[in-house]
Amino acid sequence: MVIVGHASEEQPEVGAYAFEKRELAAQRSGMGMEIEVRGGVTIPPPVAPFNKAIGLALSGGGSRAVAFHLGTLRALEDLNLLQEVDIVSGVSGGSVMTGLLGYSDAPFTDIDRNAVAFLRRGLVRPALKNLLHPPRVVLLALNFFTVALPSLVIDTVAAVASFTASLFPALRPTAKAISRFYWPFRRRYSRTHVVADAMAEVVGTQNCDAPTRQGKSIVFNACELRTGTAFRMSNECFGDWRHGYAPASELRVADAVTASAAYPPFLPPFDWMRPFERNGETKTHRIIVTDGGVFENLGVSVMEPGRDARFSVISHNPDIIIASDAGAGQFSGEIVPSSWPMRMTQVISAIMRKVQDATKARLHDYARTGQIDAFVYAALGQVDRRVPLKPANWVDREEVVHYPTDFSVMSQEDIQCLSGRGEAITRALATQYLLSD
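Residues numbered from 1 in each chain as written. Predicted model: local features only at pLDDT ≥ 70, side-chain atom pairs only at ≥ 80, totals over all residues. Heavy atoms only, no water.

Notes on the packing of helix α5 (residues 124-131) against helix α8 (residues 191-203)
Two measures define how a pair of helices packs: the angle their axes make with one another and the distance between the axes. Taken N-terminus to C-terminus, the directions of α5 and α8 make an angle of 120°; their axes are 9 Å apart at the nearest point. Comparing the axis directions of α5 and α8 gives the class oblique. The two elements α5 and α8 meet at a crossing, and its hand is right-handed. Between α5 and α8, the residues in contact are Pro126, Ala127, Asn130 and Leu131 and Val194, Val195, Asp197, Ala198 and Glu201, respectively. Grouping the constituent residues of the contact of α5 with α8 by class yields six nonpolar, one polar and two charged. (Axes fitted to C-alpha atoms, helices over the stretch in contact; angles between N-to-C directions. Helix = DSSP H or I, 4+ residues; strand = E, 2+ residues; numbered from the N terminus. Parallel < 35°, antiparallel > 145°, perpendicular 65-115°, else oblique. Left-handed = near helix turned anticlockwise from the far one by under 90°. Contact = heavy atoms within 4.5 Å. Nonpolar A, V, L, I, M, F, W, Y, C, P; charged D, E, K, R; others polar.)

Encoded structure:
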């Protein structure tokens, strides 16, 4: 049975809700229905190639992001748009999904199955299992006592000196000198390396220059902490404009994904000493690479128009940008941040939200001024009433918005809710703004 009708007088687009049992339809008529939907709003997918460069940005948000983005990919696949995507840019949890999709030529059903298996298994248990391996325990202990602990002591002394100088101004020169001192030895092995090995079991052991899905450009976004700049890792090269770039053949996909997802409160950054080429000159630099959400959590910046090639070697200029945002959106006002940890969490969340608001505003400006043809912004925290043509299997915002962003084991029910919302929102918005003509 198919029910077709207008959603409203203001939005006269056609919505189709399909309910069928193929075996019964085949018995009666000898043929099945041509329209295939997951129970929601649809229009027939474009017959001819889209003929526009499409960039897909997958935001951070831990395992919540992986599940939400899975729904986004399902909608794009159903609408024949996923194969038209030219660039996939991931941040943190979005980088996990980018790695799963970007370096596999398997049918999408296999990508879907692998993503669900990853979510059901989680990343915490595999990482803990790897952590208990005796050689890793020894390496972690050595690095803790020779690097992590001395660095913590130095930072504590610097903090005490700074506080003391605020009470006794005469001590400011001494406090300033102490603040500039740092422990010279690098942290060559940490929990982040253990997680990277577990991540290799998910996205593979290949390096970033390996063949990508349908030749798509792949970008993993991180942040370099010494300079506070974007550190990007693509299938062609990796680096930043301050230090230069190195060939993608020198970096594992698993390390790129983990670097992008190394959330500072829980995972130390990668501390790399590598040669980079800049302006025709090669120099070795020490770089500190952490979660991409520190710089920009949407993954859109690498695709924004008008980027200067002198500072943005890794950049793309798609005609259409599809952004999948697994963030919670507006604060509910229910949390009372009275403790220090809760205050800091809310402060960081507020800063990231305002940065994302600025990015969304720029997307609107790019579309208004013709710098891009169109964009779709599918957000987990989207206000429900603003989504056009909501399907019958709609998942409300409140059902998923409070799901944690850790990489713990996820239930099948939670996966269905998160991915279902991502799929429904993306389908509704892509149908409305990309395929309605």
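Quick word on the packing of aromatic side chains
Throughout the structure, instances matching the rule amount to nine aromatic pairs. Through a chain of ring-to-ring contacts, the aromatic side chains of Phe231, Phe238, Phe270, Trp272 and Phe276 assemble into a single cluster. Here Arg242 stacks its cationic end above the ring of Trp241, 5.6 Å away from the centre of that ring. Of note, Arg274 hangs over the ring of Trp272, and the distance from its end group to the ring centre comes to 4.8 Å. (Phe/Tyr/Trp six-rings, centres within 6.5 Å; stacked < 30°, edge-to-face > 60°. Lys NZ or Arg CZ within 6 Å of the ring centre and 35° of its normal.)

Describing the pairing of strand β5 (residues 217-224)
Along β5, eight of the eight residues are buried, which leaves the element largely enclosed by surrounding structure. Neither face of β5 is exposed, since Ser217, Val219, Asn221 and Cys223 on one face and Ile218, Phe220, Ala222 and Glu224 on the opposite face are all buried. Pairing of strand β4 (residues 85-91) with β5, which is carried by five bridges, proceeds in the parallel orientation. Pairing of Val88 across the sheet is with Ile218, part of β5. (Buried < 20%, exposed > 50% of the residue type's maximum accessible area, 1.4 Å probe, protein only. Pairing = 2+ DSSP bridges.)

Looking at the nonpolar core
Counting residues in each nonpolar core, the largest one holds 83 residues, and the members touching the most others are Met97, Phe231, Met233 and Leu434. Sort the elements by how many residues they give to this core and helix α11 (residues 412-433) lands first, with eight residues. Excluding residues that lie within four positions of it along the chain, Met97 makes contacts with Leu58, Val66, His69, Leu70, Leu73, Ile111 and Ala115. Formed by 18 residues, the second largest nonpolar core is a distinct cluster that contains Leu298, Val300, Met303 and Tyr366. (Core = buried A, V, L, I, M, F, W, Y, C linked by side-chain atoms within 4.5 Å.)

Quick look at the packing of helix α2 (residues 62-78) against helix α3 (residues 93-102)
Where α2 meets α3, the axes come as close as 7 Å, and the angle between the chain directions of the two elements is 45°. One element, α2, and the other, α3, form an angle in the oblique class. Where α2 crosses over α3, the two elements pack in a sense that is right-handed. In this structure, α2 uses Gly62, Ala65, Val66, His69, Leu70 and Leu73 to contact α3, whose residues at the interface are Gly93, Gly94, Val96, Met97 and Leu101. The class makeup of the residues in the contact of α2 with α3 is seven nonpolar, four polar and no charged.

Comments concerning the side chain of Ser419
Residue placement: Ser419 occurs in helix α11. Look at Ser419 and you get buried, because its relative accessible area is 1%. Setting aside anything within four residues of it in sequence, one finds Ser419 in contact with Ala67, Phe68, Gly71 and Arg74.

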